[in-house]
Every structure is written in C-alpha cells, then in structure tokens.
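Summary of structural features
This is what each chain is made of:
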Amino acid sequence: MAKILGGLCTSHVPAIGAAIDQGLTQEPYWKPLFDGYEPAREWLKEVAPDVIILVYNDHATAFSLELIPTFAIGVSDKFQPADEGWGPRPVPTVYSDSELAWHLSESLILDEFDMTMVNKMDVDHGLTVPLNIACGEPDEWPCKVIPLAVNVVQYPPPTGKRCFNLGRSIRRAVDSYDQDLKVVVFGTGGMSHQLHGERAGLINSEWDKQFLDKLSSNPKALTEIPFLEYVTEAGAEGIELVMWLIMRGALNDEVKEVYRHYHVPASNTATGLIILE
Amino acid sequence: MPVIPKDFDDIPGTYLFERNRSREGYHLNMFCMSLMKDENRKAFLADEAKYLDDFPMTAEQRRCVLERDYLGMVKVGGNIYYTSKLGATSGHSFQYMAGEMSGLGQEKYRDMMVNGGRSIEGNRSKSEKE
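Residues numbered from 1 in each chain as written. Chains lettered and ligands numbered in written order. Predicted model: local features only at pLDDT ≥ 70, side-chain atom pairs only at ≥ 80, totals over all residues. Heavy atoms only, no water.

1. Points about the side chain of Gln194 of chain A
Residues and elements named next belong to chain A. Structurally, the position occupied by Gln194 is in the loop between β8 (182-188) and α7 (205-217). What makes Gln194 buried here is its relative accessible area of 0%. In terms of polar contacts, Gln194 uses its side chain to reach the side chain of Arg199, at 3.1 Å. Polar side-chain contacts of Gln194 include one of 3.1 Å to the backbone nitrogen of Ala236. (Helix = DSSP H or I, 4+ residues; strand = E, 2+ residues; numbered from the N terminus. Buried < 20%, exposed > 50% of the residue type's maximum accessible area, 1.4 Å probe, protein only. Polar contact = N/O pair within 3.5 Å; in protein donor to acceptor, adjacent residues only side chain to side chain.)

2. A look at the packing of aromatic side chains
Scanning all chains against the criterion turns up 15 aromatic pairs over all chains. The interplanar angle of 25° and the centroid separation of 5.6 Å between the aromatic rings of Trp207 of chain A and Phe211 of chain A together place this pair among those described as stacked. Taken together, the residues Trp207 of chain A and Phe211 of chain A, both in helix α7 and four residues apart, mark about one turn of the helix. Residue class for Trp207 of chain A comes out buried when judged on its relative accessible area of 6%. With a centroid separation of 5.8 Å and an interplanar angle of 35°, the aromatic rings of Tyr51 of chain B and Phe55 of chain B are classed as tilted. Of the two residues examined, Tyr51 of chain B and Phe55 of chain B, each falls in the buried class. A connected cluster of aromatic rings, assembled from ring pairs, spans Tyr29, Trp30, Phe34 and Tyr37 of chain A. (Phe/Tyr/Trp six-rings, centres within 6.5 Å; stacked < 30°, edge-to-face > 60°.)

3. A few points about the sheet that holds strand β6 (residues 116-118) of chain A
Residues and elements named next belong to chain A. Across the sheet, which stays open at both edges, the eight strands sit in the order β6-β3-β7-β2-β8-β1-β10-β9 with mixed pairing between neighbours. Each edge of the sheet is formed by a strand with only one pairing partner; in this case those strands are β6 and β9 (257-266). Strand-to-strand twist in this sheet, taken as the mean axis angle between neighbours without regard to direction, amounts to 20°. Across three bridges, strand β3 (residues 71-74) lies against β6 in parallel orientation. Residue pairing across strands places Ala72 opposite Thr116, the latter belonging to β6. Along the sheet, helix α3 (residues 38-47) makes contact with β1 (3-10), β2 (51-56), β8, β9 and β10 (269-276), crossing β1 at roughly 165°. Running at roughly 130° to β2, helix α5 (residues 125-135) makes contact with β1, β2, β7 (144-150), β8 and β10 of the sheet. (Pairing = 2+ DSSP bridges. Axes fitted to C-alpha atoms, helices over the stretch in contact; angles between N-to-C directions. Contact = heavy atoms within 4.5 Å.)

4. A short note on unusual backbone geometry
All names here are of chain A. For the peptide bond that leads from Tyr155 to Pro156, omega is 0°, which places it in the cis range. The residue after Val264, namely Pro265, is reached through a cis peptide bond having omega -5°. By the secondary structure assignment, Pro265 is in strand β9. At Ala48, a position not held by glycine, the phi torsion is positive, near 45°. Within the secondary structure layout, Ala48 lies in the loop between α3 and β2.

5. Topic: the interface of chain B and chain A
Opposite the 50 residues of chain B that make contact, chain A presents 42 residues. When the two sides are added together, the surface that chain B and chain A hide from each other amounts to roughly 3900 Å², 61% of it contributed by carbon and sulfur. There are three salt bridges connecting chain B and chain A. In this structure, Asp83 of chain A engages Arg41 of chain B in a salt bridge whose closest nitrogen and oxygen atoms are separated by 2.9 Å. The interface formed by chain B and chain A holds 26 residue pairs in polar contact (both at pLDDT 80 or more) in total. Secondary structure elements with two or more residues in the side of chain B that touches chain A: α1 (19-24), α2 (26-34), α3 (38-46), α6 (70-75), α7 (80-89), α8 (94-102) and α9 (106-114) of chain B. (Buried area = accessible area lost by both parts, 1.4 Å probe. Salt bridge = Lys/Arg side-chain N within 4 Å of Asp/Glu carboxyl O.)

6. Concerning the pairing of β2 of chain A
Taken residue by residue, a regular strand's side chains alternate between the two faces of the sheet. All names here are of chain A. The element β2 is largely enclosed, with a buried count of six among its six residues. Neither face of β2 is left uncovered, since the one carrying Val51, Ile53 and Val55 and the one carrying Ile52, Leu54 and Tyr56 both have all their residues buried. Pairing of β2 with β7 involves six bridges; the strand directions are parallel. Opposite Val55, over in β7, you have Leu148 as the bridge partner. Of the strand pairs in this sheet, β2 and β8 are connected by five bridges, and their pairing is parallel. Each bridged residue has a counterpart across the sheet, and for Val51 the counterpart in β8 is Val183.

7. Concerning the confidence of the model for chain B
Here chain B shows a mean pLDDT of 94. Residues at 70 or above account for 96%. Across the interface, the model reports ipTM at 0.95; the global pTM reads 0.97. (pLDDT = per-residue confidence, 0-100.)

8. With respect to helix α4 (residues 98-110) of chain A
All names here are of chain A. Taking 1.5 Å as the rise per residue, α4 with 13 residues should run 18 Å; its terminal C-alpha atoms sit 18 Å apart, in good agreement. Here α4 has its buried residues at Leu100, Ala101, His103, Leu104, Ser105 and Leu108. Considering only its buried residues, α4 is in contact with β2, β3, β6, β7, α6 (160-175) and β8. Looking at the residues trailing α4, positive phi occurs at Glu112, about 80°. (Expected span 1.5 Å × (residues − 1).)

9. Focus on the environment of Tyr177 of chain A
Residues and elements named next belong to chain A. Structurally, Tyr177 can be placed in the loop between α6 and β8. Judged by its relative accessible area of 6%, Tyr177 falls in the buried class. The sequence separation of Tyr177 and His196 amounts to 19 residues, and the corresponding C-alpha distance is 42 Å. Among residues more than four places away in sequence, those in contact with Tyr177 are Met1, Ala2, Asp97, Glu99, Leu100 and His103.

Structure representation (structure tokens):
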C-alpha cells in the first residue's frame, strides 16, 4: 500500500531560483539561507520518496484570468518548466506518476473535493523552486512529482479549513492506493511577505514563528485563521500559507518536528522551511 | 455573509485583488500575460504603443504601462503576478518593483529587507498608521 512518510513546507521565492540559476548561492547574501537547506536535502535523500505531491500556486503562468481553478491537479506524466517572462528556468522536466494522480483525482472528487484535472500545464517557480530547495540541482529530479495547484491570487482563495480538509482527503486517497509507494507531501509558499503597494516589504517574524509552532502542535487553531488576518499580519501575499495546511492535513494528528529553518530576507520574503513526520 | 469584507480597505498600502480590481484590470493583466512569449516581448519592446493597441485598456492603464508606473498599475486593477511579467520584460525584478511601489527605491528597500523588513507595528490598519 502507498504510505505518506512525512511532509515538508517551504517558501518558493522566485529569487531563490534565480540565485541558483545564476550560481549565487555561496554569496554572503544567500549563503545563510542555502546552508539551512542542507539538512532538508539530507532528510529527503534518506526518506527517498517515490512520489512527491507538491502543493503550490500558479503565479499567472499556466492559468490566467481566463480560467481560475481553486484546486487543480496535474494528471499527465510530465510537465515542463514555464517561461515566466524571462525564459524557462534551466531545471529538469518534471515527471509525474500519472496513475496515482488519476487515483487522487477520482478519490478526491468522490470525497467531494471538486478538483480541476489538468493534462497540459507548464509549472512555474512555485513548483520548481521547492524542488531545488529540497533536492539541490540534479540533472533529473530524484522522484516523480504530482503538481497540485491552489488559487491564492484571485480573491477568494480557499479557506485554511478547506485546505486542511483537502489534506485529510489526500491522506485517505493515498492510504487506499494499492501499490507500494513512499509518498511525501510538500506545502509551499509564504511566509510573511507583501510584494505590492506602499506596504511592500512587510515581514512579521513573530507571527510566522507562532504559525510554525502551531503547524506541529495545534494545526486546528491555524485552520480558524480568517483571510483578513493572513493579509493583515502576514502581508497580502502571505495568504499562500493556507497551502501549508494541505500538507498538515495529510499527516497524523500527532507529528514529530524533524527540522525547521527560518530566514529573513530572501528578496521580499521571510522564508520558512519545516519538516514533519 | 459579506463576500468582499469592507475591512479590506483599512489595510494601508494594500490593494487586494478582489472582484472589482479583477474586472477593472482584466485587459491590463491579460496584456501582461501575453509577455510570457518571447516573440510578444520582442514585438512589445519594438513598438510599445502599437502593441498596446491590441488591448482595450483605459488611458490611465496605458500610461502606467508605458511609464512603468508599477504602483499606478496596482491602483487600476493590475495584479503583481501579472505586472511582474512586464517587469521581467523590462529587466525589473520583483525587488525593484517593490522598491518603486513602496516609494523607497530599490537600494533603500533592499536595505530595509536586509534589516528585517517593514515592521508590522503601525502597519495593520490605516487608523493605527495615522
């Protein structure tokens, strides 16, 4: 049977990808951030998942205002890195486990989560930067990756509670899959940051840290946080943190925190990374 | 249940991308979206005004694009994840754009971020700010 072995949440700042692509990771500005990723890379190597279910948001890349799915799941067997305005990132093609992705789609929809199924979509930094963070810069990604995209650009995004419950449903779907597969769930985005307006540059480390604490010990409390608190306290783009609750919902009620890394700034953003088993 | 909380407007310096901005900014944002293709980026840079004729934007939206007024774009329905495509086409990073929008300029903005970012204190609501 398939089994979820753990979860990892991390920011997916595009500038982190640019730093990797331009070979700047050992520069003084970036080194403390990237040093903190080493233990996460060790962890993932040790767990050696067959599949990562990677929750991220599309940043007006595969989807635009023409079509705004709240929850979309990639079901084909490969996805190309997107051209986001400066050419595609030089990272490997993302290969997926199409059969598991279809199983997830069917299970989730029958469990009353109405997923949009996507055969063709390019994946942007929201997906490729977390892979770099957790896997370094390999020629091929070390495992299959199923993209699960969440709308957090157009108001209203799904509530934290809805996201947590989607995680629960993902867990049931994986548990019922009839193949021996090791699965890890990634939640990405955040932490506190605001990219637009006169308030750009907002960082709220205290709020971020209590979010990290509760993610392990009291995720139910996090599911009660309303939209307005996210944008007020964590910045307008900090709303991405609802995606971390999908990962959390897919794990057991009781979890062990394996690792945590928090760093300010990466470009405009407070970056966090947490691993739970 | 209010669909668009009125409290949105009380957060200082913040333009949440709700239905009104989405409707107002549709053509502006879809213009930005067209810059995802290299051939379109080249065509736009070759003759910006002509390229914009294909998108039924308001005069103010056009002005913002031509002058790279990133804060102005946000005020007329631009969303940062769309306008960042124009930024990329123009050689402007997210950090440059944020520096411009905040009124600090890139260098001072970068220094602020290195020193921990903009504090939440005094920035939760307009009344708190004043």
